[in-house]
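Secondary and tertiary structure notes
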Amino acid sequence: MATPTKSCRVLVVRKTKLRETDLIIAFLHEDGSLGQAVARGARKPGNTFASRLEYFCLADVLIAKGRGLPIVTEARCVNAHARLREDVLFNAASSPILDALAKCGQPDLPVPRLFDMACAALDELRSCQEDDAPAICAAFLVKLFAMLGFRPRVSTCVSCGAQVPLEHGAWRDFSFVEGGAVCVDCRSHVQTQRIEATTLLWVQTLLGQPFAHVRESHVPLQASFAVLHFAHQWFREHMGLNLKSLNFLLTSGLF
Ligand SMILES: [Zn+2]
């Protein structure tokens, strides 16, 4: 009896060594769920899977059900996103996107529009200027929070719902654990930290803008990094996740 196979388009987000010559490829499906499959021989030099199933590759694959993990039987690269692997700066600015997808995605749990959003962000990173890359990464991460149901509340109090005015230059009370800004009346009973209102305004802006708009508006690096720091803390304290690649981007001094 023939082994059942299925054809699907995937985005490669992680590779794990398996035995001497094989890899386990983790990928995002078009429905936004996470999957994984074994690519046999993918660690052998010159193996066709090696180049078609690289990090950041958008690929059409044929997957056969195995007794254990499914097996990739064919792969065709649709978009290699080569710049995001080969250029150190772009790699640093793009890797948190894959890292976040690998950590936040769930098997058999579709997230509508996640795949399209990831592809849109990577496409902008493929063609943008160096200094715009951190802004696109930051925009992806805050949009991801919203898409997964962890949207930060930046302009209303998480405790009572009152409006929290945001003016450039001001400082506001914020609770990463509770998930947003805290008004002056509530700050005595919520654990908060001070955060620049400008950072919250940038979070709000990047949440609402399409990636092409983010690229064209040339967000100042300082603002991009303020939002990346915000995202790093949000991952840790609100979602209990540590993204090593984001930590690297924040501490490497590449930008
Ligand atoms: Zn309040």
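Definitions and cut-offs
Residues numbered from 1 in each chain as written. Predicted model: local features only at pLDDT ≥ 70, side-chain atom pairs only at ≥ 80, totals over all residues. Heavy atoms only, no water. UniProt positions renumbered as here; feature names shortened; annotations may be inferred. Helix = DSSP H or I, 4+ residues; strand = E, 2+ residues; numbered from the N terminus. Buried < 20%, exposed > 50% of the residue type's maximum accessible area, 1.4 Å probe, protein only. Contact = heavy atoms within 4.5 Å. Areas by Shrake-Rupley, 256 points an atom, 1.4 Å probe, with all protein chains shown as cover. Lys, Arg positive; Asp, Glu negative; His and termini not counted. Charge placed at Lys NZ, Arg CZ, Asp CG, Glu CD. Donors = N, O, S within 2.8 Å, 3.2 Å for Na, K, Ca; no water. Tetrahedral: all angles 85-135°; square planar, octahedral: opposite > 155°, others 65-115°. Salt bridge = Lys/Arg side-chain N within 4 Å of Asp/Glu carboxyl O.

Going by the annotation in an unreviewed UniProt entry, the name recorded for the protein is DNA repair protein RecO, with Denitrobacterium detoxificans given as the source organism. What the UniProt record of the protein gives under Function (unreviewed entry) is the line "Involved in DNA repair and RecF pathway recombination." Per UniProt, the comment on the protein under Sequence similarities (unreviewed entry) is "Belongs to the RecO family."

Quick notes on the overall build of the protein
For the protein, the helix and strand inventory stands at 9 helices and 8 strands. Counting only residues that meet the buried cut, the protein has 51% of its 255 residues in that class. Considering only contacts in the protein between residues 6 or more positions apart, those separated by 24 or more positions represent 61%. Accessible area for the protein stands at about 12300 Å²; split by element, carbon and sulfur atoms hold 49% of it. When the 27 positive and 24 negative side-chain charges of the protein are each reduced to one mean point, those points stand 7 Å apart.

Comments concerning the coordination of the zinc ion
The zinc ion binds to the protein through Cys157 (SG), Cys160 (SG), Cys183 (SG) and Cys186 (SG); the donor distances cover 2.3 Å. For the zinc ion, the 4 donor atoms in the first shell make angles of 105 to 114° at the metal, a pattern classed as tetrahedral. Spacing between the donor residues of the zinc ion along their common chain follows C-x2-C-x22-C-x2-C. A residue pair is termed long-range when its members are at least 10 positions apart, and Cys157 in the loop between α5 (133–147) and β6 (171–175) and Cys186 in the loop between β7 (180–182) and β8 (193–196) qualify at 29 residues. By relative accessible area, which is 6% here, Cys186 ends up buried.

A few points about the pattern of salt bridges
Scanning the model with the defined rule gives 10 salt bridges in all. Put simply, Arg9 and Asp60 hold a salt bridge, and the shortest N to O gap is 2.7 Å. One end of the pair, Arg9, is in strand β1 (residues 5–18); the other, Asp60, is in strand β4 (residues 58–64), and 51 residues separate them in sequence. Asp60 is the salt-bridge partner of Arg76, the closest N and O atoms lying 2.8 Å from each other. Within this pair, whereas Arg76 is found in strand β5 (residues 71–79), its partner Asp60 is found in strand β4, the two being separated by 16 residues in sequence. Three or more residues joined by partner-sharing salt bridges are found here, namely Arg9, Asp60 and Arg76.

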